[in-house]
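Residue-level structural notes
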Amino acid sequence: MGESKKIDITALATLCRSWLPVFQAADHLRNIGISGVLCSAEFVSFAEIQAEANAASGYTISGTHRIVTLAVRAGLIEKNPEGGRGPLYRGTERLRGVLAATVKTDALYFIAHFEEIFNALNKSPFGQ
């Protein structure tokens, strides 16, 4: 028989506490439709972020500001270090990675929970 491995609960809890805000912030950015704006290579103003959030989901300025602040603290968005007239923001590599991970997770969830669609089409979910 193989040797069983013990899980370090304290390390797992620490890992969850560190990554939970990151995924929550990324989910908020996706829900209000501004993750695409922030993933561009250029810095964008808060006014542009707010305009996109308002057009996509009707978010208010204070709601968008809270989400952007949460994303900055989670390391998903960085502020323009030079400052300038008003803060400018752009997404980090961490944001791109988390969004890619959530898209893959959503696709796997869809395949796992809607296998009957593939069966109805007489196709294998993992085949062509």
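Report on the accompanying structure. For clarity, every value in this text was computed on a predicted model and none was experimentally measured.

Moving on: the sheet that holds strand β2 (residues 77-79). Strand order across the open sheet formed by three strands is β1-β3-β2, with antiparallel pairing between neighbours. In this open sheet, the two edge strands, each paired with only one partner strand, are β1 (44-45) and β2. Two strands pair when backbone bridges link them, and β2 and strand β3 (residues 88-91) are joined in this way by three bridges, in the antiparallel orientation. Looking at the pairing, Ile 77 lines up with Gly 91 of β3.

Quick look at the packing of helix α1 (residues 9-31) against helix α4 (residues 61-74) now. At a closest axis distance of 9 Å, the pairing of α1 and α4 adopts a crossing angle of 145 degrees. The two elements α1 and α4 cross, and the hand of that crossing is left-handed. Contact residues: α1 offers Pro 21, Val 22, Ala 25, His 28 and Leu 29, while α4 offers Ile 67, Leu 70, Ala 71 and Ala 74. The class makeup of the residues in the contact of α1 with α4 is eight nonpolar, one polar and no charged.

Calculation notes
Residues numbered from 1 in each chain as written. Predicted model: local features only at pLDDT ≥ 70, side-chain atom pairs only at ≥ 80, totals over all residues. Heavy atoms only, no water. Pairing = 2+ DSSP bridges. Helix = DSSP H or I, 4+ residues; strand = E, 2+ residues; numbered from the N terminus. Axes fitted to C-alpha atoms, helices over the stretch in contact; angles between N-to-C directions. Left-handed = near helix turned anticlockwise from the far one by under 90°. Contact = heavy atoms within 4.5 Å. Nonpolar A, V, L, I, M, F, W, Y, C, P; charged D, E, K, R; others polar.

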